[in-house]
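Descriptive analysis of the structure
The residues making up each chain are set out below.
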Number of protein chains: 2
Amino acid sequence: MYKVKVTVTLRKTILDPQGKTVEHSLHSLGYTGISGTRIGKYIEFFIEADSEDKVKLTADEACKKLLSNPVMEDYTFIIEKV
Amino acid sequence: MYKVKVTVTLRKTILDPQGKTVEHSLHSLGYTGISGTRIGKYIEFFIEADSEDKVKLTADEACKKLLSNPVMEDYTFIIEKV
């Protein structure tokens, strides 16, 4: 059994108004040293598979097909044996 | 300058219907080995500070006050020097 932790973020070149709003709020709370705030999605799941390579393949396909929009978003994932 | 990567997830005891929906979709696509899917938020930002300890303190406060709902959500973050 493996645990996969996926993060999906907007591509660097795409504006992130949600991130800007959060950043403004952080500044209002006094955290003025904060910049470059960006918001994304986090998805975690377990995969039952024989090898880490198979998990990698499955996770990559799932990210491409369902979890991210490849036109606008980038994804990364890490795999942990559990 | 430090980069902070925050993930906010629903507490384990709280149902995650969005996660369930994604899991059903993954099963429909043929990825039947997947279970325990949960969805959360991912937030990244940069902090200008003197030391990693200060960054840790600021990030922790920001998570508690703004980025997460401590009643329903857990948060974790990692700090990278950039």
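What this report covers is the structure whose coordinates are included nearby.

What counts and what doesn't
Residues numbered from 1 in each chain as written. Chains lettered and ligands numbered in written order. Predicted model: local features only at pLDDT ≥ 70, side-chain atom pairs only at ≥ 80, totals over all residues. Heavy atoms only, no water. Helix = DSSP H or I, 4+ residues; strand = E, 2+ residues; numbered from the N terminus. Rg over C-alpha atoms; globule rule 2.2 N^0.38 Å. Buried < 20%, exposed > 50% of the residue type's maximum accessible area, 1.4 Å probe, protein only. Contact = heavy atoms within 4.5 Å. Areas by Shrake-Rupley, 256 points an atom, 1.4 Å probe, with all protein chains shown as cover. Lys, Arg positive; Asp, Glu negative; His and termini not counted. Charge placed at Lys NZ, Arg CZ, Asp CG, Glu CD. Salt bridge = Lys/Arg side-chain N within 4 Å of Asp/Glu carboxyl O. Polar contact = N/O pair within 3.5 Å; in protein donor to acceptor, adjacent residues only side chain to side chain. Nonpolar A, V, L, I, M, F, W, Y, C, P; charged D, E, K, R; others polar. Pairing = 2+ DSSP bridges.

1. Some words on the overall build of chain A
Looking only at helices and strands, chain A has two helices and three strands in total. From first element to last, N terminus to C terminus, chain A shows the α and β order β-α-β-α-β. Scaling as 2.2 N^0.38, a compact globule of 82 residues should have a C-alpha radius of gyration of about 12 Å, whereas chain A reaches 16 Å, well beyond that. Along the three orthogonal principal directions, the C-alpha set of chain A runs to about 50 × 30 × 15 Å. Considering chain A as a whole, with its 82 residues, one finds that 40% of them fall into the buried category. Across chain A, contacts joining residues at least 24 apart in sequence account for 71% of those joining residues at least 6 apart. Accessible surface, chain A as shown: approximately 4700 Å² in total, 58% of it carbon and sulfur. Taking the average location of the 12 positive side-chain charges in chain A and that of its 12 negative ones, the two points are 3 Å from each other.

2. Quick word on the pattern of salt bridges
Overall, the coordinates contain 16 salt bridges over all chains when judged by the stated rule. In this structure, Lys41(B) and Glu73(B) form a salt bridge, with 3.9 Å as the shortest nitrogen-oxygen distance. Placement of Lys41(B) in strand β2 (residues 34-47) and of Glu73(B) in strand β3 (residues 73-81) is noted, with a sequence separation of 32 residues between them. Judged by its relative accessible area of 15%, Glu73(B) is buried. Through salt bridges that share partners, Lys3(A), Glu44(A) and Lys12(B) make up one connected network.

3. Section: the interface of chain A and chain B
With 31 residues of chain A at the interface, the matching set in chain B holds 31 residues. Linking chain A with chain B are two salt bridges. Salt-bridge contacts for Glu44(B) lead to Lys12(A); the nearest nitrogen and oxygen are separated by 3.9 Å. Summed over the shared surface of chain A and chain B, the result is twelve residue pairs in polar contact (both at pLDDT 80 or more). When residues of the side of chain A that touches chain B are traced back to their parent elements, those giving at least two are β1 (2-10), α1 (17-28), β2 (34-47) and α2 (52-67) of chain A. It is β2(A) that contributes the most residues to the side of chain A that touches chain B, 14 residues altogether. Residues belonging to the side of chain A that touches chain B are distributed by class as follows: 15 nonpolar, nine polar and seven charged. Taken together, the eleven bridges between β2(A) and β2(B) define a ladder with antiparallel strand orientation.

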